[in-house]
Amino acid sequence: MNETPKSQETLANLLNETRHFDPPAEFAAQATVTADEYDRAGADRLAFWESKAERLHWAAKWDRTLDWDNPPFAKWFVGGKLNVAYNCLDRHVEAGNGDRVAIHWEGEPGDTRTITYAELTSEVKKAANALTALGVTAGDRVAIYMPMIPEAAMAMLACARIGATHSVVFGGFSVAALSGRIQDADAKVVITADGGYRRGKPSDLKGIVDDSVAQCPSVEKVLVVRRTGSDVAWTDKDLWWHDVVDSASDEHEAQPFDAEHPLFILYTSGTTAKPKGILHTSGGYLTQASYTHQAVFDIKPDNDIYWCTADIGWVTGHSYIVYGPMSNGVTQVMYEGTPDTPHKGRFWELVQKYRITQIYTAPTAIRTFMKWGDDIPAGFDLSSLRVLGSVGEPINPEAWMWYRKHIGGDRCPVVDTWWQTETGAMMISPLPGVTSTIPGSAQTPLPGISADVVDDEGKSVPNGGGGYLVLREPWPSMLRTIWGDDQRFLDTYWSKFDNMYFAGDGAKRDADGNIWLLGRVDDVMLVSGHNISTTEVESALVSHPKVAESAVVGATDPVTGQGIVAFTILRGDADGGEELMTELRNHVAKELGPIAKPRQIMVVPELPKTRSGKIMRRLLRDVAENRSLGDVTTLQDSAVMDLISKGMSSGKDED
Ligand code: 6R9
């Protein structure tokens, strides 16, 4: 990792100079969180986190902030008791904000629902009573396999309310993925829907649940929300949500649970191997999800209309649709469908319609919008926006600049937030109104977080150096273990370095100490003895005006060890002939040095991604190496791999 082609300057060089954007004075003047947060957290980290825990309602206060006697098994707010759903719902109603809209929901076909905090509280109470009547008790696991409808959030909160541990499985996953996750968690109940709308068509969720449940003897009941009205097969385990929830009482007193009570399991496969059931608990998780949401988006619950475009089946949906925003009592927009249905301006139409103030989306979406053209967002009034967030992958400087200019009107701070399913909440991000932002860098650990970049020996690298991203101190929303597999938890995250959490990402520090993420270390390529990050080559390609998106992998090369193979989506009507391929290869060589010149560039119409937008480089490596494809269960769209094999026949360039 230490010897990238032109070392630390490369990403900054893509812009010729590193640009800084100071927070506008008016924004800074009204910012919720100020620069002294860093000082307070630095002076006494545990006292800082206690002050953030105090933003929540506790039925019993903790007697110890952190128990780190048996690392890496942390306990936060030991002895404290709280109810997570009460914190997200009842307390806002009790504070007199029951009439505030919790969710402006927009279905893909254009149907809408407006749900206030009072209504949401009442629905969750009913669902909690219904689950209890089905025999679900504290500690049981409930699998949730849902489209993006309000009942998905209600189901999660109902579980939280009764102390059941939810395991949300993304609604695009296959029978193999769903049944494996149900079995691993030994779930007692599954909550699903008859379908949801995506790209104009109802998806089939119930059929996949039926085939999965047939392999999962632990499942006693399946609760089905009617969304699309499609015909569905019915088994003797099935119950309609509207039959059991609508008739349940809306009186339910939330019982407090221990701060370390399991809140949810969320499976993460990364892009390889058997999925890991990441376990999160209650008090510490909610403390950090809530605080980071408030601080990083400058949340003002009285005025803001916040929108996170993630799916609820991704950790971003857990922390920044359900637990963060709702604990802060903010109004949010929730959208069921895809950005291109019925037209490519759908997102911007929603911003205009609801006067959205914060948007949180992924670089892959931003690059897609760039590809679709500047004129699309230009056709809508986006002047309500105040903060723009990015998450999921490194955001290349070009996409960052486009986001700032074409969505944010050069007015809104852009916050690039680095975190993981495992970290539970944001860890590295600018603070709007405080940080001078730099396109392409996640920059600084948030207050109370100690991230570092270290070398092979675990020593901090100086400014200008590169290495591995680690977290040196426990944080409140950290994963507690891998469900049922403490050993794998130790091996995966805690064995590479002593007393440090290894995130699996490469990173470097620029001359000013800002952190730049370089992608997963497993993706780093070794070309003629030089470590080259896929992110940097991708960024270099995307900085060429004719390239919309790119994914880079290393393929075995008899001469250089690995050769760089790039899969590229061109912008608009660019012609992918030989000449352009040569131009692109030279462009990378110019930006990063000749060693980083791709051996081969293939023009493709799509890239294989997970639903959270992460490129499945493993599959592209299989293509580049001419191997048969490995496990594709987490692929967002299986047709993509056919498109790629077709796309590969055009635009091959090997000299
Ligand atoms: C929240 C989420 C985690 C991995 C992480 C890293 C990549 C996420 C990023 C980022 C660079 C950012 N990642 N945010 N890389 N800059 N702002 O994405 O969780 O799905 O578990 O993925 O995503 O590689 O290690 P998860």
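Only a predicted model underlies this, so the values are computations on that prediction, with no experimental measurement involved.

Visitor: Summarise the site of the ligand; cite the residues concerned and give the values.
Guide: Neighbouring residues of the ligand: 17 residues in total, closest Trp 314, Asp 416, Thr 417, Thr 421 and Arg 520. Trp 314 has a polar side-chain atom sitting 2.8 Å from an oxygen atom of the ligand. Relative to its unbound accessible surface of 530 Å², the ligand loses 94% to contact with the protein. For the shell around the ligand, the secondary-structure elements that each account for two or more residues are helix 13 (315-327) and strand 25 (515-520). When its residues are assigned to classes, the shell around the ligand shows 7 nonpolar, 5 polar and 5 charged.

Visitor: Which residues make up the environment of Gly 392, and what are the values?
Guide: Looking at where Gly 392 falls in the secondary structure, it is placed in the loop between strand 19 (387-390) and helix 17 (397-407). Under the relative-accessibility criterion, Gly 392 is labelled partly exposed at 22%. Counting along the chain gives 82 residues from Gly 392 to Ala 310, while the straight-line C-alpha distance between them is 9.9 Å.

Visitor: An account of the pattern of salt bridges is requested, with residue identities and associated values reported.
Guide: Opposite charge on two side chains permits them to pair, given that their charged atoms come into close proximity. The tally for this structure, following the rule as stated, stands at 40 salt bridges. Measuring nitrogen to oxygen at the nearest pair gives 3.7 Å for the salt bridge that ties Asp 410 to Arg 404. Overall, Asp 410 belongs to the partly exposed group, its relative accessible area being 43%. Using a relative accessible area of 12% as the deciding quantity, one classes Arg 404 as buried. Taken together, the salt bridges that share partners define one network made up of Asp 36, Glu 37, Arg 40 and Lys 52.

Visitor: Before we move on, could you go through the packing of helix 3 (residues 36-43) against helix 4 (residues 45-53) and cite the residues and values that matter?
Guide: One can describe the packing of helix 3 onto helix 4 by two numbers: an axis separation of 5 Å at closest approach and a directional angle of 120 degrees. Considering their axes alone, helix 3 and helix 4 lie oblique with respect to each other. Here helix 3 contributes Glu 37, Arg 40, Ala 41 and Ala 43 to the contact with helix 4, which in turn contributes Arg 45, Phe 48 and Lys 52.

Visitor: Tell me about the sheet that holds strand 18 (residues 358-361), and please be specific about residues and values.
Guide: Taking strand neighbours across the sheet as the criterion, the 7 strands line up as 5-4-17-16-18-19-20 in an open arrangement whose pairing is mixed. If you trace the sheet from one side to the other, it starts and ends with strand 5 (112-116) and strand 20 (414-416), each paired once. For this sheet the average axis-to-axis angle between neighbouring strands, irrespective of direction, equals 15 degrees. Alignment of strand 4 (residues 101-106) against strand 17 (residues 331-335), held across 4 bridges, turns out to be parallel.

Visitor: So what's going on with the sheet that holds strand 6 (residues 141-145)? Residues and values would help.
Guide: Strand order across the open sheet formed by 8 strands is 12-11-8-6-7-14-15-23, with mixed pairing between neighbours. Each of the sheet's edge strands pairs with one partner strand only, and the pair in question is strand 12 (238-240) and strand 23 (481-482). Summarising the sheet, strand 6 and strand 8 (residues 189-193) pair through 4 bridges and their orientation is parallel. The residue bridging Ala 143 from the neighbouring strand is Val 190, located in strand 8.

Visitor: Residues and numbers for the domain arrangement of the protein chain, please.
Guide: Partitioning the protein chain into structural domains gives domain 1 (7-12 + 520-653) and domain 2 (18-506). The partner domain 2 presents 32 residues to the 25 residues of domain 1 that form the contact. Taken together, both faces of the contact between domain 1 and domain 2 bury some 2500 Å²; the carbon and sulfur share is 54%. Applying the counting criterion to the domain 1 and domain 2 interface returns 2 salt bridges. Notably, a salt bridge pairs Arg 520 with Asp 505, separated by 2.8 Å at the nearest N-O pair. Between domain 1 and domain 2 we count 6 residue pairs in polar contact (both at pLDDT 80 or more) in total.

Visitor: So, the UniProt feature "binding site: ATP" (unreviewed entry) in the protein chain: which residues are in play, and what are the values?
Guide: Here, UniProt's "binding site: ATP" (unreviewed entry) annotation points to Gly 392, Glu 393, Pro 394, Asp 416, Thr 417, Trp 418, Trp 419, Gln 420, Thr 421, Asp 505 and Arg 520. Within the secondary structure layout, Asp 416 lies in strand 20. Those residues in contact with Asp 416 that lie beyond four places of it in its chain are Ser 390, Ile 395, Ile 428, Ser 429, Pro 430, Gly 440, Ser 441 and Ala 442. Mapped onto the elements of the fold, Trp 419 is located in the loop between strand 20 and strand 21 (451-454). Not counting the four nearest positions on each side in its chain, Trp 419 is found in contact with Val 315, Thr 316, Ser 319, Tyr 320, Tyr 360, Val 391, Gly 424, Ala 425, Met 426 and Met 427. Looking at Trp 419, its side chain comes within polar contact range of the side chain of Tyr 360, at 3.0 Å.

What counts, and at which threshold
- Residues numbered from 1 in each chain as written.
- Predicted model: local features only at pLDDT ≥ 70, side-chain atom pairs only at ≥ 80, totals over all residues.
- Heavy atoms only, no water.
- Near = heavy atom within 4 Å.
- Polar contact = N/O pair within 3.5 Å; in protein donor to acceptor, adjacent residues only side chain to side chain.
- Areas by Shrake-Rupley, 256 points an atom, 1.4 Å probe, with all protein chains shown as cover.
- Helix = DSSP H or I, 4+ residues; strand = E, 2+ residues; numbered from the N terminus.
- Nonpolar A, V, L, I, M, F, W, Y, C, P; charged D, E, K, R; others polar.
- Buried < 20%, exposed > 50% of the residue type's maximum accessible area, 1.4 Å probe, protein only.
- Salt bridge = Lys/Arg side-chain N within 4 Å of Asp/Glu carboxyl O.
- Axes fitted to C-alpha atoms, helices over the stretch in contact; angles between N-to-C directions.
- Parallel < 35°, antiparallel > 145°, perpendicular 65-115°, else oblique.
- Contact = heavy atoms within 4.5 Å.
- Pairing = 2+ DSSP bridges.
- Domains from an automatic or database assignment.
- Buried area = accessible area lost by both parts, 1.4 Å probe.
- UniProt positions renumbered as here; feature names shortened; annotations may be inferred.

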